[in-house]
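Okay, here's what each chain looks like letter by letter:
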Amino acid sequence: MAGRSLQRLWRDGHNQWRSKVKQVTKANFAVALEEIKTHINCSDFIAVSSQKTGAFSSSWHRPLPFDTPEIAYRKAKDAAERFEIVQFAVCPFRIQGSKIVAYPYNFHLFPRDELNINMPSYSFACQTSFLESMARQGVDFNLSINEGISYLSRVQEAKAKNSVSDPIPSIISVTSSSSPSVSDEIFMERIKTRIKYWRESCKHSGSAADEALLSSLRKIIQGSELYGSRLCTNIDVCSDRQVHLINEVVNSFFVDLVPLIIPDKNGGSKTVRVVLTSSEEDKTLLKSELQNREEEQSKQIRGFREVIDALSNSYKPIVACDCLSDFTFIHSKFLAPLPSCMAEFLCSLKLVFSNIVDLGHLWKEIGPLKKANNISAASNYLNRQFFVPFDMEIPLQAEEEEQKHHGHNVLRITNLFAKLASILKLSTDSGTVSAHHSLDDYSNIFYPCSPGLVEPTDADEVIIKNIKNASTDDLLFVWGFSDKLSPGEVRRQLHGVLTALSADFELRLVDKSCAILVFWTPGLAKALLQDMQDMQDISCGAVDSVSLRALISEGLKVAGYEAYKRVCNLGVQEADLSNCLDEVLVEATNDMRTCTEASEILWSSNDVIRWSEL
């Protein structure tokens with residue numbers, strides 16, 4: 001009864017959290033941005049969570065226990081490049097004793113080209129199961145499409161600034177230059193004379209009746225224009241050197257002029273615009289106006305990326321669940337295209353987010369939770385087995401019409417982190433948790449039991465917390481058996497062939513079409529592959545060739561780990577792994593059927609993929 005009461009209280013609290021997540025769209029983004037920046041500065045941690053249009057197309061596309069870190073990254077990279085983020089929840093929070101003070105925001109996103117610069121111009125995939133799940137949670141897709149906040153990555157922003165239809169002039173930075181050459185001095189004298197006559201013409205006044213006409217003609221002849229309400233003239237230049245020479249002339253001889261550089265989106269010659277101000281105060285006002293315009297345009301270009309930059313600049317620990325998936329998406333959408341290998345990804349990511357904590361690595365420190373694979377399973381276990389009361393205080397007040405929207409998962413992450421930190425007695429910046437372990441011990445881990453955010457010593461190293469070492473040379477992928485067979489029947493068929501190995505191999509289903517075998521006697525996997533290729537008896541009679549021929553005639557096929565690596569590296573998106581292996585083996589050589597460079601893995605006997613999971 002007590003356990004059920006606690007669970008009921010937890011569900012009641014969960015429903016209250018859900019109604020207090022502030023929903024952010026284009027309409028209120030500017031206000032929410034300033035609010036969340038303040039809350040980030042006052043927080044100790046920041047939880048993040050996202051809703052995507054998909055994650056993997058079929059069961060074998062997800063990172064699997066026998067994947068190397070490089071293959072797991074490749075799978076996450078493929079998903080991040082194919083699918084899109086439609087909601088991104090951010091919750092700055094701090095822990096004060098048994099109280100959590102949280103400020104949850106849920107941002108609705110959509111990558112539209114608001115600036116007409118052909119960025120972002122995304123086509124992205126949608127996975128029906130993900131859309132159905134979001135629809136059941138009450139996600140309003142029309143809201144995301146019509147009112148979602150657009151964004152550009154850092155790389156796209158750099159390109160966009162030179163592509164906008166109305167580029168904002170910027171003040172030329174003062175740089176030290178070498179002594180001017182003779183040609184430089186001639187150029188500077190000519191520019192000085194031109195600007196001097198233009199300036200005097202602008203200040204000339206007369207009382208003749210035709211003064212307005214003469215003034216207009218004079219401006220046309222001398223190339224005078226208006227920049228807002230101020231007179232200006234444009235000077236075409238063909239090099240950065242000339243830009244700095246003009247800047248030097250203006251700053252040295254004309255106190256009431258401001259030189260601006262107009263970027264050329266075509267990458268050709270630039271233009272220097274010299275603006276006439278009426279006083280020192282007007283000159284200061286002009287510079288302030290330019291800075292404000294540039295900042296507004298930058299905000300419009302960056303869009304939601306402003307939030308990502310605020311997270312990065314805070315240097316606060318970022319708490320998430322399934323960080324490899326989440327942060328490949330974040331890197332792809334908001335930072336830059338994903339690097340080709342995991343080592344480069346880790347280095348690039350660490351430059352932006354220095355401290356990332358994955359809840360999955362925290363709860364695996366509690367023995368019975370080692371097999372937990374989602375937040376709900378971990379939370380339910382903690383609620384049953386531990387009494388760790390935390391009150392969630394949410395000062396934000398969501399509007400009534402916002403209560404049906406998504407975003408509450410970030411609060412579940414926040415609450416679960418606080419409980420795990422208390423149970424594991426982790427040190428925190430606020431010092432509210434008794435320090436038995438440092439949070440740094442669990443930071444920046446992007447693969448189960450990996451040593452941290454460092455370059456792997458071996459690109460093919462598999463780091464899985466379990467009890468048995470194995471080599472990729474001893475792994476085989478087997479397919480071609482009937483999809484109506486159960487795992488036990490598949491195993492019995494293989495036992496009928498591998499009569500001498502009944503106790504020396506283990507089988508795990510990858511999907512309904514393919515299984516993976518690990519052999520505990522070195523060399524047997526290679527022997528079986530060789531026998532499959534030339535149908536000759538192998539040493540010690542390990543394989544019943546008659547039975548093997550019968551299975552081959554029925555369509556049985558076998559390949560080594562190298563073929564699987566090639567499938568993952570090519571990003572083949574077939575639903576069944578067996579079809580992908582068939583595809584890459586059409587042009588396969590012998591070195592693709594075995595592993596050219598064997599790597600050590602840690603095999604988990606418990607992590608068997610069951611039919612119900614496929």
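Quick caveat, the model's predicted, so the values are computed rather than measured. (Residues numbered from 1 in each chain as written. Predicted model: local features only at pLDDT ≥ 70, side-chain atom pairs only at ≥ 80, totals over all residues. Heavy atoms only, no water.)

### Points about the pattern of salt bridges
Now for step 1: Scanning all chains against the criterion turns up 18 salt bridges.
Now for step 2: In this structure, a network of salt bridges that share partners links the residues Lys37, Arg154, Glu157, Arg302, Arg305, Glu306 and Asp309. (Salt bridge = Lys/Arg side-chain N within 4 Å of Asp/Glu carboxyl O.)

### A closer look at the nonpolar core
Now for step 1: Within the largest apolar cluster, 85 residues are counted, with the highest numbers of intra-cluster contacts made by Phe88, Phe107, Phe304, Phe327, Phe353, Phe417 and Phe446.
Now for step 2: Looking at which element gives the most residues to this core, the answer is helix H16 (residues 409-423), with eight residues.
Now for step 3: In this view, Phe304 contacts Phe29, Phe88, Phe107, Leu109, Ile149, Ser150, Tyr151 and Phe334; residues no more than four positions away in its chain are not counted.
Now for step 4: Membership of the second largest hydrophobic core comes to 24 residues, among which are Leu64, Leu475, Val510 and Ile516. (Core = buried A, V, L, I, M, F, W, Y, C linked by side-chain atoms within 4.5 Å. Buried < 20%, exposed > 50% of the residue type's maximum accessible area, 1.4 Å probe, protein only. Helix = DSSP H or I, 4+ residues; strand = E, 2+ residues; numbered from the N terminus. Contact = heavy atoms within 4.5 Å.)

### A short note on the packing of helix H12 (residues 323-335) against helix H13 (residues 342-350)
In a pair of packed helices, the angle between the axes and the distance between the axes together describe the arrangement.
Now for step 1: For the pair H12 and H13, the least separation of the axes is 11 Å and the interaxial angle reads 70°. In terms of orientation, H12 and H13 fall into the roughly perpendicular class. Note on element contacts: H13 touches H12 through Met342, Phe345, Ser348 and Leu349, opposite Leu324, Phe327, Thr328, His331 and Leu335.
Now for step 2: Tallied by class, residues from the contact of H12 with H13 come to six nonpolar, three polar and no charged. (Axes fitted to C-alpha atoms, helices over the stretch in contact; angles between N-to-C directions. Parallel < 35°, antiparallel > 145°, perpendicular 65-115°, else oblique. Nonpolar A, V, L, I, M, F, W, Y, C, P; charged D, E, K, R; others polar.)

### Brief notes about the confidence of the model for the protein chain
Interpretation of this model should avoid reading the predicted coordinates in detail wherever pLDDT is low.
Now for step 1: With 71% of its residues at a pLDDT of 70 or more, the protein chain shows a mean pLDDT of 76.
Now for step 2: In this model, residues 449-467 is a region of pLDDT below 50 whose contacts with residues beyond four sequence positions or in other chains number 46 contacts. (pLDDT = per-residue confidence, 0-100.)

### Things to note about the pairing of strand S8 (residues 230-236)
Now for step 1: Within S8, five of the seven residues are buried, leaving the element largely enclosed by the surrounding structure.
Now for step 2: By the bridge criterion, five bridges tie S8 to strand S10 (residues 271-276) in an arrangement that is antiparallel. For Cys232, the partnering residue across the bridge sits in S10 and is Val275. (Pairing = 2+ DSSP bridges.)

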